[in-house]
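Close look at the chain arrangement
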Amino acid sequence: MNIVSTQYSLKYKSFEIYLSGCDGYCNGCHNEELWDFGAGTHYKEWLPRIQEKVNMFPSLVEYIWVLGGEPLLQNKTELMDLLSFLQELEKKTVLWTRFSLEDVKKEGLLEYLWAVKVGEYREELAKDKYVSNGIQLASTNQKLIILKEEGN
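Let me begin by describing the structure that accompanies this report. Every chain is numbered independently, its residues counted from 1 as its sequence is written. Two thresholds apply to this predicted model, a pLDDT of at least 70 for residue-level local features and 80 or more for giving and counting side-chain atom pairs, whereas whole-chain, interface and lining totals are computed over all residues. As a rule here, side-chain values come from all non-hydrogen atoms in the structure, and water together with hydrogens is ignored.

What follows concerns the overall build of the protein chain. Numbering goes from the N terminus for both helices and strands, where a helix is a DSSP run of H or I of at least four residues and a strand is a run of E of at least two. The helix and strand inventory of the protein chain stands at 3 helices and 9 strands. The linear arrangement of helices and strands in the protein chain, starting from the amino end, is β-β-β-α-β-α-β-α-β-β-β-β. Restricting the calculation to C-alpha atoms gives the radius of gyration, and the globule rule supplies 2.2 Å times the number of residues raised to the power 0.38. Taken against the 2.2 N^0.38 rule, which gives 15 Å for 152 residues, the C-alpha radius of gyration of the protein chain at 14 Å falls within 12% of a compact globule. Judged by the C-alpha coordinates and their principal axes, the protein chain covers about 40 × 35 × 30 Å.

With that settled, the discussion passes to the nonpolar core. By nonpolar core is meant a set of buried Ala, Val, Leu, Ile, Met, Phe, Trp, Tyr and Cys residues that side-chain atoms within 4.5 Å join together. Burial classification: accessible surface area is computed with a 1.4 Å probe over protein chains only, and a residue below 20% of its type maximum counts as buried, one above 50% as exposed, and the rest as partly exposed. Among the nonpolar cores identified, the biggest contains 28 residues, and I50 and L86 are the most heavily contacted of them. For this analysis, residues touch if any pair of their heavy atoms sits within 4.5 Å. When near neighbours in sequence (up to four residues on either side) are disregarded, I50 contacts I3, T6, F15, I17, F85, L86 and L89. With 14 residues, the next largest nonpolar core counts Y63, W65, W96 and A115 among its residues.

Bringing the packing of aromatic side chains into the picture now. Paired rings are identified among Phe, Tyr and Trp, the last through its six-membered ring, by centres lying within 6.5 Å, and are further divided according to the angle between planes into stacked (under 30 degrees), edge-to-face (over 60) and tilted (the rest). Going through the model one piece at a time under the given rule, you end up with 5 aromatic pairs. Considering the side-chain rings of Y8 and F15, the 5.3 Å spacing of their centres and the 65° angle between planes classify their relative orientation as edge-to-face. Owing to a relative accessible area of 0%, F15 belongs among the buried residues under this scheme. Taken together, the aromatic side chains of Y8, F15 and F57 make up a single cluster linked through ring pairs. Here, a charge over a ring is recorded when the distance from Lys NZ or Arg CZ to the ring centre is within 6 Å and its angle to the ring normal is within 35 degrees. Positioned above the aromatic ring of W46 is the side chain of R49, whose terminal nitrogen or guanidinium carbon lies 4.1 Å from the ring centre.

Honestly, that's just the spatial picture; any functional story needs more than this.
See below:
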């Protein structure tokens, strides 16, 4: 599993981690450059940098977002390892996937997550200012599901 980049979002107080690799399922994908599973660098090489970047601005980072590509198409052992590592940073981890909550549950990932964004991008359902649980999403079939109460 590879990571292509990371970035901060001041608007959402999140630190974003972009995984490479997707099958290009969603029509109108905004991250086509992340479809290649070989892009980026192995995730283990990123772990010290991720920890450093998250700890550099502790009051500015409330959430860690794991996006893609498509996280659920990654090596499951490696994805669980990454999510376990992120738990140790004591931030709220959010997984962004096109798949359903049931799919995330089947993969055994819920214990690592504070929330999950589910639902593929659907161009015919696109809406500029569609918000789910305080996060702007791209199409109205998507939703952000909070898995744990505040403080967890």
